[in-house]
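Observations on chain architecture
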Amino acid sequence: MLDAIGRVRNLTVSYQHLFLGYEIRDTATHESGVGEWPHLSAITIYIENGHNQDLTITIRGNKERTVMGSVELVSAFTVSAGTSVSYTLAPETTGWLPYIYVTAKAATAPTTGEINVTIITIEKEA
């Protein structure tokens, strides 16, 4: 259960928005902002596709805070129009890189909606 400042018991929940209210109106590949994966613990990427078209998403990582030279951490997957999904990354299964971002691409250009992508981390209090 969360308390008033977003803590789960003795844990602190943190949010980083990679896409926030981002409208896609073409079929180009769109790159989000770059977020941090600060600790060697699992993180969750929460994706809300409010568009009227499906989106193909990739989750990428890098050793530096840039998209240049990044590598794919998770194979491309589809988020259906009007749905939300979450994907949890764990160093044991996906590997670990300190910086994370996503790409989003529509096969048919959306005419309405937006995408939100959030990194969710939980940290133990010191």
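Placed above this text is the structure.
Anyway, here's the lowdown on the structure attached to this text. Keep in mind that this is a model prediction, so the values were computed, not measured.

Structural notes on the overall build of the protein chain
A count of helical and extended segments in the protein chain gives one helix and 10 strands. Counting from the amino terminus, helix and strand elements in the protein chain follow one another as β-β-β-β-β-β-β-β-α-β-β. In terms of overall size, the protein chain behaves like a compact globule, its C-alpha atoms giving a radius of gyration of 15 Å where 126 residues would be expected to give roughly 14 Å. When burial is assessed residue by residue, the protein chain has 35% of its 126 residues classed as buried. At a minimum sequence separation of 6, the contacts of the protein chain that also span at least 24 residues come to 79%. As displayed, the protein chain has an accessible area near 7000 Å², and 52% of this comes from carbon and sulfur atoms. Computed over 8 positive and 13 negative side-chain charges, the inter-centroid distance for the protein chain is 4 Å.

Quick look at the nonpolar core
Taken as a class, soluble globular proteins show a tendency for nonpolar side chains to be buried jointly. Core analysis: the largest hydrophobic core is formed by 22 residues, its most contacted members being Ile45, Ile57, Leu89, Ile100 and Ile115. Those elements that place two or more of their residues in this core are strand 2 (11–22), strand 5 (43–49), strand 6 (55–62), strand 7 (71–79), strand 9 (99–105) and strand 10 (115–124). It is strand 7 that contributes the most residues to this core, four residues altogether. Non-local contacts of Ile45, meaning those with residues more than four positions away in its chain, are made with Ile59, Val85, Ser86, Tyr87, Leu89, Ile100, Val102, Val117, Thr118 and Ile119.

A look at the packing of aromatic side chains
If you walk through the whole model with that rule in mind, you get two aromatic pairs. Taken together, a centroid distance of 5.4 Å and an interplanar angle of 20 degrees make the contact between Phe77 and Tyr87 stacked. Taken together, the positions of Phe77 in strand 7 and Tyr87 in strand 8 (residues 83–89) put the pair 10 residues apart, joining distant regions of the chain. Overall, Tyr87 belongs to the partly exposed group, its relative accessible area being 32%.

Section: the pattern of salt bridges
Overall, the coordinates contain three salt bridges when judged by the stated rule. The closest approach of N and O atoms between Glu64 and Lys63, which form a salt bridge, is 3.3 Å. Residue Lys63 is classed as exposed on the basis of its relative accessible area, which comes to 59%.

What counts, and where the lines are drawn
Residues numbered from 1 in each chain as written. Predicted model: local features only at pLDDT ≥ 70, side-chain atom pairs only at ≥ 80, totals over all residues. Heavy atoms only, no water. Helix = DSSP H or I, 4+ residues; strand = E, 2+ residues; numbered from the N terminus. Rg over C-alpha atoms; globule rule 2.2 N^0.38 Å. Buried < 20%, exposed > 50% of the residue type's maximum accessible area, 1.4 Å probe, protein only. Contact = heavy atoms within 4.5 Å. Areas by Shrake-Rupley, 256 points an atom, 1.4 Å probe, with all protein chains shown as cover. Lys, Arg positive; Asp, Glu negative; His and termini not counted. Charge placed at Lys NZ, Arg CZ, Asp CG, Glu CD. Core = buried A, V, L, I, M, F, W, Y, C linked by side-chain atoms within 4.5 Å. Phe/Tyr/Trp six-rings, centres within 6.5 Å; stacked < 30°, edge-to-face > 60°. Salt bridge = Lys/Arg side-chain N within 4 Å of Asp/Glu carboxyl O.

Scope: geometric values only; no functional claims are made or implied.
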